[in-house]
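Understanding the architecture of this molecule
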Amino acid sequence: MKIQLILPAAFLILLCIGARHQAVSGSDSLEAAASEITTLRASSPPPQGGSFPGRWINGVNCNEPRVQVHAYNEDTFIIRQSKCRTFEAPFVYLLFGESRALLLDTGATPTINMFNVVDQVVQDWLVANGRPGIRLVVAHSHAHFDHVQGDNRFVGKPYVEQIVGHGLPAVTQFFGFQNYPHDVPSYDLGGRVLDVIGTPGHHPASITLYDRQTQLLLTGDIVYPGHLFVFSQPHWSDFKDSIQRLIRFARARPVEWVVGCHIEMSDTPFQSYRYGMPSHPDEHVLQFHPSELVEIGAAAFSMGSQPVCTIFDEFVIHPVYRCGISWNG
Ligand SMILES: [Zn+2]
Ligand SMILES: [Zn+2]
């Protein structure tokens, strides 16, 4: 089994090395892209940094709390839902600006009241900042069920200014896209500007947020250490275009970390968890160095128009229409 698993991966890595010499944007190589991304990151630290926890709740011990709320910094919170409540165990992001806060996603299960979870963070933040109140916008990385299940908990709550709709028209209208996914509108939380990148491929209305304050790139389900699911052949070219768009972005703007909404890789290279596993012992960390975008691009571009389900060291190229959702090598 091991050999079957690793041989195609090794073959594709060879292909990737070839792909590194192909053009990313017409005239230069993937090596140049990775080098530029790394240099830009090193020379432009974020205005406000942050840190990740030593470990995330992972479902190994179901005495773990139903959510883990982590303060990346005083204005940036990462919330993970327990695998004991939902095998998706998604990550949800809460960003505070001066005039409003933005919640990206509401989680994978209505059995966790995410309004109560978020409200506690909001109330603590208001006290810490001596503020009487703040408006909250609820938006989504994309509209798959595991990112929107908590929406109803936010309906009618007094300081919830808006819950952004799930379809492409609602998403583009809210963020001000004129030509999704080619333009990059910005959205200001008040002294904290987010750039909004259209990243279809995994889902037709996916967005990636770039936070200028922390320089985090919040990629939803298009990039994370796990199964990069693409559900149909027409979406494969969208996926590749989106990865290329993210590479181009990270060459132009410093990205501190790339953070998505799931972890499905082990901390042992080339070991992924099958979709739906109830626990994730020894998980990969949540964050990717931005140069990982180039690794994913190399893998995807090398496959041309016919992707093959393949486990790489830190991610899985997973065209569901080729091998099914439960494929794991
Ligand atoms: Zn998804
Ligand atoms: Zn998801």
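The following paragraphs examine the structure supplied in this document. From a predicted model like this one, the values you see are computed outputs, not experimental measurements.

1. Thoughts on the pattern of salt bridges
- This structure, assessed with the given rule, holds eight salt bridges.
- A salt bridge links Arg 41 to Glu 256; the shortest N-O distance between them is 3.9 Å. In this pair, Arg 41 is assigned in helix H2 (residues 30-43) and Glu 256 in the loop between helix H6 (233-252) and strand S12 (257-260), connecting sequence segments 215 residues apart.
- Relative accessible area serves as the criterion here: at 19%, Arg 41 is assigned to the buried category.
- Here Glu 256 falls in the buried class, since its relative accessible area comes to 18%.
- One salt bridge connects Arg 100 with Glu 161, and the closest N-O pair in it is separated by 2.9 Å. You can see Arg 100 sitting in strand S4 (residues 100-104) and its partner Glu 161 sitting in strand S6 (residues 160-163), a full 61 residues away along the chain.

2. A few points about the coordination of the zinc ion (ligand 1)
- With distances of 2.0 to 2.3 Å, the protein atoms coordinating the zinc ion (ligand 1) are His 142 (NE2), His 144 (ND1), His 202 (NE2) and Asp 221 (OD).
- Look at where the donors of the zinc ion (ligand 1) fall in the sequence and you get H-x1-H-x57-H-x18-D.
- Here the zinc ion (ligand 1) and the zinc ion (ligand 2) are spaced 3.5 Å apart, linked through Asp 221, which binds each one. Of this pair, His 144 sits in the loop between strand S5 (135-139) and helix H4 (145-148) while His 202 sits in the loop between strand S8 (193-198) and strand S9 (207-211), and the two are 58 residues apart along the sequence.

3. Regarding the sheet that holds S5
- With respect to topology, six strands assemble into an open sheet ordered S1-S2-S3-S4-S5-S6, the strand pairing being mixed. Lying at the two open borders of the sheet, with one neighbouring strand each, are strand S1 (67-73) and S6. Strand-to-strand twist across the sheet, computed as the mean angle between neighbouring axes with direction ignored, equals 20°.
- Where S4 and S5 come together, five bridges link them in parallel fashion.

4. Regarding the packing of H2 against helix H7 (residues 292-302)
- Running from N to C, H2 and H7 point in directions that differ by 165°, and their axes come no closer than 10 Å. Our classification of the angle between H2 and H7 gives roughly antiparallel. Crossing handedness for the pair H2 and H7: right-handed. Of H7, the residues touching H2 (which contributes Leu 30, Ala 33, Ala 34 and Ile 37) are Val 294, Ala 298 and Phe 301.
- Grouping the amino acids of the contact of H2 with H7 by side-chain chemistry returns seven nonpolar, no polar and no charged.

5. Concerning the environment of Glu 31
- Along the chain, Glu 31 falls in helix H2.
- Judged by relative accessible area, which is 35%, Glu 31 ranks as partly exposed.
- For the pair Glu 31 and His 318, spaced 287 residues apart in the sequence, the C-alpha separation amounts to 24 Å.

6. Focus: the side chain of Gln 81
- Structurally, Gln 81 can be placed in strand S2 (residues 76-81).
- Classification of Gln 81 as buried rests on a relative accessible area of 0%.
- Within polar-contact distance, the side chain of Gln 81 engages the backbone nitrogen of Ala 108 at 2.8 Å.
- Leaving out residues up to four positions away in the same chain, Gln 81 has contacts with Ile 57, Arg 66, Val 67, Thr 86, Ala 89, Pro 90, Thr 106, Gly 107, Ala 108, Thr 109, Ile 112 and Met 114.

Cut-offs applied
- Counting restarts for each chain, with residues numbered from 1 along the sequence as it is written.
- In the order they appear in the text, chains get letters beginning with A and ligands get numbers beginning with 1.
- Local features in this predicted model are restricted to residues whose pLDDT is 70 or higher, and side-chain atom pairs enter the listing and the counts only when it is 80 or higher, whereas totals over whole chains, interfaces and linings include all residues.
- The basis for every side-chain value is the complete set of non-hydrogen atoms in the structure, without hydrogens or water.
- Only one rule defines a salt bridge in this text: a Lys or Arg side-chain nitrogen within 4 Å of an Asp or Glu carboxyl oxygen.
- Strands are runs of DSSP state E lasting at least two residues, helices are runs of H or I lasting at least four, and both sets are numbered from the N terminus onward.
- Partly exposed residues are those whose accessible area sits between 20% and 50% of the maximum for their type, while under 20% is buried and over 50% is exposed, using a 1.4 Å probe and protein chains only.
- Sites may look incomplete because water is not among the atoms; the donors themselves are N, O and S atoms within 2.8 Å of the metal, or within 3.2 Å for Na, K and Ca.
- If DSSP finds at least two bridges between two strands, the strands pair.
- Inter-axis angles, ranging from 0 to 180 degrees, are taken between N-to-C directions of lines fitted to C-alpha atoms, where helices are fitted over the stretch in contact.
- For classification purposes, angles smaller than 35 degrees are called roughly parallel, those larger than 145 roughly antiparallel, those between 65 and 115 roughly perpendicular, and all remaining angles oblique.
- Left-handed describes a crossing whose near helix is turned anticlockwise from the far helix through less than a right angle; right-handed describes the clockwise counterpart.
- Any two residues whose heavy atoms approach within 4.5 Å at even a single point are treated as in contact.
- For this classification, Asp, Glu, Lys and Arg are treated as charged, while Ala, Val, Leu, Ile, Met, Phe, Trp, Tyr, Cys and Pro are nonpolar and the rest, including Gly, are polar.
- As used in this structure description, the phrase polar contact means that two N or O atoms lie within 3.5 Å; if the pair is within protein, one of them must be able to donate a hydrogen and the other to accept it, and residues adjacent in sequence are counted only when both atoms belong to side chains.

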